[in-house]
Amino acid sequence: MTTPPPWLRAIDAAGLIDADGTVRPTIFAEMSVLAAAHGAVNLGQGFPDEDAPAEVTEAAIAAIRAGLNQYPPGRGTPELRRAIADHRSRFFGEHRDPETEVLVTAGATEAIAAAVLAFAGPGDEVVTLSPFYDAYAATIGLAGARHVTIPLEGPDFQPTVDGIERAIGPQTRVVLLNNPHNPTGSVIAPELLAHIVAAATRHDAVIVSDEVYEHLVFDDAPFSPIATVPGAADRSLTISSAAKTFRVTGWKIGWMTGPAALIDAAMAVKQYLTYVNGAPFQPAVAVGLGLPERYFAEQRASLAARRDRLSAGLTSAGFAVSPSRGSYFVVADAAPLGVSDGAAFARQVVVERGVAAIPLAAFDPRSTDARIRSSLRFAFCRTDAQIDEGVRRLTTR
């Protein structure tokens, strides 16, 4: 075929173009369709079974009835920006000016796109951890930048100092982190974050940290928001969203916080993406961010129990299960079952066992790491009944 247009090359960065130029659907779309076709328990996509807290949904309904249905301010409604700043201060000790250092976005995905497009372009490098959420590769491709990765290694999926030093260099313009990490469930060790910050500082790179699972950290794992790592606050943008914390993945309300100059640069791009979004949902998310600490603790405890339930079931089914310290996900290696091709195995499991998962290789299609190639990502943000049924199907011979 002729040279693909830029948008197609961007998708190719995520490994979705066949040799004949055909664009395949993402693995998430494919596995969901397969799950529906085969009546499978869907432990693939990261959307929760339960609804948002009543206080949050009622606030959205009240906002709609009050007529908050037109364009909100470009940076987000003042009450949501204040709530975000207060929330950062209350939980993480980070103090940001809601007028100049907070930006509301159409979910974390738009925030990531705005940040990457603002700070990287042709000839630049953007560094991510690997495996990585697939939208990262596509956004880097749209920016025309080169995607460089830091492999996560070992059963705990941590970067190494050598990997950090090899990846971050003179051409690095953005270091795009994800912590707690999707898809592996790892929480990056504070001392390794410090190495990343030091390398980014040496090369004057902006750090963009996707922290959407900030409240879903288990076992007292040492989660360090990037803005709290010494030397990072003045060169970092922190991204989060309402989706995971309040179980409202369809609302698409995200935000970023950071120094005014970096926020202004991201805002310059964001205004030409969605412009604004979610007017009646913004005051509802503000209510959620102000919920008592009990809510966040109960969410964390509930998901940790489900993680344990699913991890034990996967172990009994013969998988080698990695520890999950955060997020919605646990990684299970199918190599002990004689599997080397996790992508083929994931499709087989849907058809033959009626359970959907996502092959870990989908998060780095070009990886040659045997463990990544043979592993699956399972979501535990499901009811106990769904988890138990999925385990029953996997363990029944």
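Each value, and the rule that gives it
Residues take numbers from 1 onward in each chain, read along the sequence in its written order. Only residues with pLDDT of at least 70 are given local features in this predicted model, and only at 80 or more are side-chain atom pairs given and counted; all residues enter the totals for whole chains, interfaces and linings. The basis for every side-chain value is the complete set of heavy atoms in the structure, and neither hydrogens nor water enter the calculation. Going along the chain from the N terminus, every DSSP run of H or I of four or more residues is numbered as a helix, and every run of E of two or more is numbered as a strand. Only heavy atoms enter the contact rule, under which two residues are in contact if any of them lie within 4.5 Å. Each patch is assembled from residues with relative accessible area greater than 30% and no salt bridge, linking like charges that lie within 9 Å and nonpolar side chains (Val, Leu, Ile, Met, Phe, Trp, Tyr) that lie within 5 Å. Using a 1.4 Å probe, the Shrake-Rupley method yields the accessible areas, and only the shown protein chains count as cover for residues. Just to be clear on terms, a salt bridge is a Lys or Arg side-chain nitrogen sitting within 4 Å of an Asp or Glu carboxyl oxygen. Reported domain spans reflect what an automatic or database domain assignment gives. Summed over both partners, the accessible surface that disappears when two parts come together, traced with a 1.4 Å probe, is what is meant by buried area. Counted as a polar contact is a pair of N or O atoms within 3.5 Å, where, for protein atoms, one must be capable of donating a hydrogen and the other of accepting one, and residues adjacent in sequence contribute only when both atoms are in side chains. Centres within 6.5 Å are what make two rings of Phe, Tyr or Trp a pair, Trp counting through its six-membered ring; a difference in plane orientation under 30 degrees is then read as stacked, over 60 as edge-to-face, and the rest as tilted. Here's how the labels work: a residue is buried when its accessible area is under 20% of the maximum for its type, exposed when over 50%, partly exposed in between, all with a 1.4 Å probe on protein chains only. Two conditions define a charge sitting above a ring: the NZ of Lys or the CZ of Arg must be within 6 Å of the ring centre, and it must be within 35 degrees of the ring normal. Grid spacing is 1 Å over the protein atoms alone, the probe is 1.4 Å, and a cavity is where that probe fits but cannot get out, while a pocket is an open set with protein on both sides within 12 Å along at least five of seven lines and lining residues have an atom within 4 Å of a point. Grid points are joined across faces, edges and corners, and a volume is the space filled by probe spheres set on the points. Residue polarity follows a fixed list, in which Ala, Val, Leu, Ile, Met, Phe, Trp, Tyr, Cys and Pro are nonpolar, Asp, Glu, Lys and Arg are charged, and the others, Gly among them, are polar. One bridge is not enough; two strands pair if DSSP finds at least two bridges between them. To get an axis, a line is fitted to the C-alpha atoms, and for a helix only the part in contact is used. The angle between two axes follows their N-to-C directions and goes from 0 to 180 degrees.

J.: Help me out: how do you make sense of the side chain of Arg235 in this one?
T.: Turning to its location among the elements, Arg235 is positioned in the loop between strand E6 (206-210) and strand E7 (236-241). Non-local contacts of Arg235, meaning those with residues more than four positions away in its chain, are made with Ala200, Thr201, Asp204, Ala205, Val206, Ile207 and Leu262.

J.: I keep staring at a nonpolar patch on the surface and nothing clicks. Help me out?
T.: Together, Leu117, Leu142 and Leu273 make up a nonpolar patch on the protein surface, roughly 250 Å² of accessible area in all. Structurally, Leu117 can be placed in helix H5 (residues 107-119).

J.: Honestly, the domain arrangement of the chain in this entry has me stumped. Any pointers?
T.: Quite often, the size of an interface is put as the accessible area lost when its parts meet. Along its sequence, the chain is organised into domain 1 (6-51 + 295-395) and domain 2 (54-290). Computed over C-alpha atoms, the centres of domain 1 and domain 2 are 23 Å apart. Each partner contributes to the interface: domain 1 provides 35 residues, whereas domain 2 provides 39 residues. Summing the contributions of domain 1 and of domain 2, the shared interface buries around 3200 Å²; its carbon and sulfur component is 60%. Counting the surface domain 1 buries against domain 2, the share from its top three residues, Phe296, Arg325 and Phe363, is 22%. Between Arg307 and Asp219 there is a salt bridge, with its nearest N and O atoms 2.7 Å apart. Linking domain 1 to domain 2 there are 18 residue pairs in polar contact (both at pLDDT 80 or more).

J.: Would you mind showing me how to read the packing of aromatic side chains here?
T.: One pair of aromatic rings is described through two measures. These are the centre distance and the angle between the planes. A complete count under the given rule lists 16 aromatic pairs for this structure. Geometrically, the ring pair formed by Phe91 and Phe296 is edge-to-face, given 4.9 Å between the ring centres and 65° between the ring planes. Here the residue Phe91 occupies a position in helix H4 (residues 78-92), and Phe296 occupies one in helix H12 (residues 293-316), the gap between them amounting to 205 residues. For Phe91, a relative accessible area of 23% puts it in the partly exposed group. On the basis of an interplanar angle of 15° and a centroid distance of 4.4 Å, the ring pair of Trp251 and Phe281 is categorised as stacked. With Trp251 in the loop between helix H9 (242-245) and strand E8 (254-257) and Phe281 in helix H11 (residues 281-289), this pair connects stretches of sequence that are 30 residues apart. Trp251 gets classed as buried once you look at its relative accessible area, which sits at 16%. One aromatic cluster in this structure is built from Phe91, Phe92, Phe223, Phe246, Tyr295 and Phe296. Above the ring of Phe329, the side-chain terminus of Arg377 is found at 3.6 Å from the ring centroid. A cation over an aromatic ring shows up here: Arg382 above the ring of Phe47, its NZ or CZ 4.4 Å from the ring centre.

J.: What should I look at first to understand the layout of surface pockets in this one?
T.: Size it by volume and the largest pocket reaches roughly 660 Å³. Every residue lining the largest pocket is counted, 31 residues in all, and those nearest its centre are Thr109, Tyr133, Asn182, Lys244 and Lys252. Counting only elements with at least two residues in the lining of the largest pocket, the list comes to H5, helix H6 (134-143) and H9. Per-class residue counts for the lining of the largest pocket are 17 nonpolar, nine polar and five charged. When residues of the lining of the largest pocket are assigned to domains, at least three fall in each of domain 1 (6-51 + 295-395) and domain 2 (54-290).

J.: Would you mind going over the sheet that holds strand E13 (residues 375-379) with me for this structure?
T.: Strand pairs in the sheet, formed through backbone hydrogen bonds, run parallel or antiparallel to each other. The four strands are arranged E9-E10-E13-E12 in an open sheet whose pairing can be described as antiparallel. Only two strands of the sheet have a single partner each, and these edge strands are strand E9 (320-321) and strand E12 (358-359). In this structure, strand E10 (residues 329-333) lies alongside E13, joined through five bridges in antiparallel fashion. Pairing of Val331 across the sheet is with Arg377, part of E13. Taken strand by strand, helix H13 (residues 342-353) contacts E12 and E13, and its axis lies near 45° from that of E13.

J.: Could you clarify how one ought to interpret the sheet that holds strand E4 (residues 146-151) in this entry?
T.: Spatially, seven strands are ordered E2-E8-E7-E6-E5-E3-E4 in an open sheet, and the strand pairing comes out mixed. At either margin of the open sheet sits one strand with a lone partner, and together these are strand E2 (102-105) and E4. Going across the sheet, the axis of each strand differs from the next one's by a mean of 20°, ignoring polarity. Relative to E7, E6 is paired through four bridges, and the arrangement is parallel. From the neighbouring strand, Asp210 faces E7, where its bridge partner is Ile239.

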